[in-house]
Amino acid sequence: MSRFNELYGERFRKLSSTNVSDALDALGIHGSTCGIRPMAERWTKIVGPAVTMRMTAAGETKQKTHLGMNAISAAEKGDVIVIDNGGRMDTSCWGGILANAAKVKGISGTVIDGCCRDLNDCMDADYIVYARGTVVCTARGRVMEESTNQMIQFGGVQVRPGDIVMGDNSGVVIIPQEHMEAVLLKAEELWQKEEDMVAEIRSGADILEVDAKYNYNRMLQK
């Protein structure tokens, strides 16, 4: 698993997903996803190591346990459950019972390449869920859990157990655990430059002069 700890968590929470996405681009690392957002306005930032879960179509081979139970059992406090349901919008793969069980265990949240259901139950439990949308249809007879804590894809990005998941209202980014420190340092550098630019603009500086001073168009180049 990753070397992630609360100190790293505090540093990541100071940043935005766009800061991290820019850092990934600057370092040539593929980790930015599209279209996966928090399902409630009051839920904003989420960050933690990934516990992965891959879904597949239901069929003749049966699942021995309810989907999600293995992932919740494997997760530790602060982890984020990452579900690969191939972006499917016609069926759920996460619901209210799972949200309550995960909340009790201290899991930070669940991010889904697909849909959740029972959103009111998730909100009542104050359990954070990111997804492409919501749906009423049950997973039963439609999808099943194929694997837990194996490498998956999530929004076209490779995710392995222990990789760092970060999301806010702009979306979700995945940080490979072996590049975590480099990405964090670069993101902090970019964040500081943007903060300085905004401070100068708010103080009345000419935007063209600020742009030229910070060479904003080339900020991601090495």
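Residues numbered from 1 in each chain as written. Predicted model: local features only at pLDDT ≥ 70, side-chain atom pairs only at ≥ 80, totals over all residues. Heavy atoms only, no water.

### Focus: the overall build of the chain
To keep things clear, this is the line we draw: Each helix corresponds to a stretch of at least 4 residues labelled H or I by DSSP, and each strand to a stretch of at least 2 residues labelled E; elements are numbered beginning at the N terminus. When we talk radius of gyration, it's over C-alpha atoms, and the globule rule is simply 2.2 Å times the number of residues to the 0.38. His is not counted here, nor are the chain ends, while Lys and Arg score as positive and Asp and Glu score as negative. To locate a charge, take NZ of a lysine, CZ of an arginine, CG of an aspartate or CD of a glutamate.
Across its full length, the chain carries seven helices and twelve strands. Against the 2.2 N^0.38 benchmark of 17 Å for 222 residues, the chain shows a C-alpha radius of gyration of 19 Å, consistent with a compact globule. Counting only C-alpha atoms and orienting by the principal axes, one finds that the chain spans roughly 65 × 35 × 30 Å. The positive charge centre, built from 25 side chains, and the negative charge centre, built from 30, are 4 Å apart in the chain.

### Details of a nonpolar patch on the surface
Quick reminder of the rule: Like-charged residues are merged into a patch within 9 Å and nonpolar side chains (Val, Leu, Ile, Met, Phe, Trp, Tyr) within 5 Å, provided each residue has over 30% relative accessible area and no salt bridge. For every accessible area listed, the method is Shrake-Rupley and the probe measures 1.4 Å; residues are considered covered only by the protein chains on display. We define a salt bridge as a contact between a side-chain nitrogen of Lys or Arg and a carboxyl oxygen of Asp or Glu at a distance within 4 Å.
A cluster of nonpolar residues, Ile-201, Ile-207 and Leu-208, forms a patch on the protein surface that exposes about 310 Å² of accessible area. For Leu-208, the location among the structural elements is in helix 7 (residues 207-214).

### Re the state of the cysteines
Heads up, the condition is: Throughout, disulfides are identified as pairs of cysteine sulfur atoms within 2.5 Å of each other. Residue burial is assigned from relative accessible area. The probe radius is 1.4 Å, only protein chains are included, and a residue is buried under 20% of its type maximum, exposed over 50%, and partly exposed in between.
Throughout the structure, instances matching the rule amount to zero disulfides. Looking at the unpaired Cys-93, the closest cysteine sulfur is the one in Cys-115, lying at 7.9 Å. Overall, the relative accessible area of 1% leaves Cys-93 in the buried class. Not part of a disulfide, Cys-116 finds its nearest cysteine sulfur in Cys-122, a span of 5.5 Å. For Cys-116, a relative accessible area of 0% gives the class buried.

### Brief notes about unusual backbone geometry
At Asp-126, a residue that is not glycine, the phi angle is positive and equals roughly 55 degrees. Note on placement: Asp-126 falls in the loop between helix 5 (119-124) and strand 6 (128-131). Given the relative accessible area of 40%, Asp-126 is considered partly exposed. Its identity is not glycine, yet Asn-149 carries a phi of approximately 55 degrees, on the positive side. Looking at Asn-149, the relative accessible area reads 25%, which means it is partly exposed.

### Describing the UniProt feature "binding site: Mg(2+)" (unreviewed entry) in the chain
This is how the line gets drawn: UniProt positions are given in the numbering used here, feature names are shortened, and annotations may be inferred rather than shown by experiment. For this analysis, residues touch if any pair of their heavy atoms sits within 4.5 Å. Distance and chemistry together define a polar contact, namely a pair of N or O atoms within 3.5 Å, with one atom able to donate a hydrogen and the other to accept it when in protein, and with adjacent residues in sequence counting only for side-chain atoms on both sides.
The UniProt record annotates "binding site: Mg(2+)" (unreviewed entry) at Asp-118. Mapped onto the elements of the fold, Asp-118 is located in the loop between strand 5 (115-116) and helix 5. Aside from chain neighbours lying at most four places away, what touches Asp-118 is Gly-95 and Gly-96. Polar contacts involving the side chain of Asp-118 include one to the main-chain amide nitrogen of Gly-96, which spans 3.0 Å.

### Some words on the packing of aromatic side chains
Here is the rule: The aromatic pairing rule takes the rings of Phe, Tyr and Trp, using the six-membered ring of Trp, and pairs them if the centres are within 6.5 Å, calling planes under 30 degrees apart stacked, those over 60 edge-to-face and the rest tilted.
Overall, the coordinates contain two aromatic pairs when judged by the stated rule. Look at Trp-94 and Tyr-127: their rings are 5.9 Å apart centre to centre, the planes differ by 20 degrees, and that puts the pair in the stacked class. With Trp-94 in the loop between strand 3 (80-84) and helix 4 (96-105) and Tyr-127 in the loop between helix 5 and strand 6, this residue pair connects regions lying 33 residues apart in the sequence. Residue Tyr-127 is classed as buried on the basis of its relative accessible area, which comes to 1%.

### Some thoughts on the UniProt feature "binding site: substrate" (unreviewed entry) in the chain
According to UniProt, the feature "binding site: substrate" (unreviewed entry) maps to Gly-95, Gly-96, Ile-97, Leu-98 and Arg-117 in the numbering used here. Look at the named residues: they lie 23 residues apart in sequence, but the longest C-alpha span between them is just 10.7 Å, so in the fold they bunch up. Mapped onto the secondary structure, Gly-96 falls in helix 4. With relative accessibility at 4%, the residue Gly-96 sits in the buried group. With residues near it in sequence (within four places) discarded, Gly-96 still touches Arg-117, Asp-118 and Asp-121. For Ile-97, the location among the structural elements is in helix 4.

### Digging into the packing of helix 2 (residues 17-27) against helix 6 (residues 180-202)
The test is simple: Fitted lines through C-alpha atoms give the axes, limited to the stretch in contact for helices. The angle between two N-to-C directions lies from 0 to 180 degrees. By the definition adopted for this analysis, an angle is roughly parallel if under 35 degrees, roughly antiparallel if over 145, roughly perpendicular if from 65 to 115, and oblique otherwise. Working rule for handedness: look at the near helix, and if it is turned counterclockwise from the far one by less than a right angle, call the crossing left-handed; if clockwise, right-handed.
Relative to each other, helix 2 and helix 6 sit at 120 degrees, their axes nearing to 8 Å. Considered as vectors, helix 2 and helix 6 are oriented oblique to each other. Judged by the twist between their axes, the crossing of helix 2 over helix 6 is right-handed. Side by side, helix 2 and helix 6 meet where Asn-19, Val-20, Asp-22, Ala-23, Leu-24, Ala-26 and Leu-27 of the first sit next to Ala-182, Val-183, Lys-186, Ala-187, Leu-190, Trp-191 and Glu-194 of the second.

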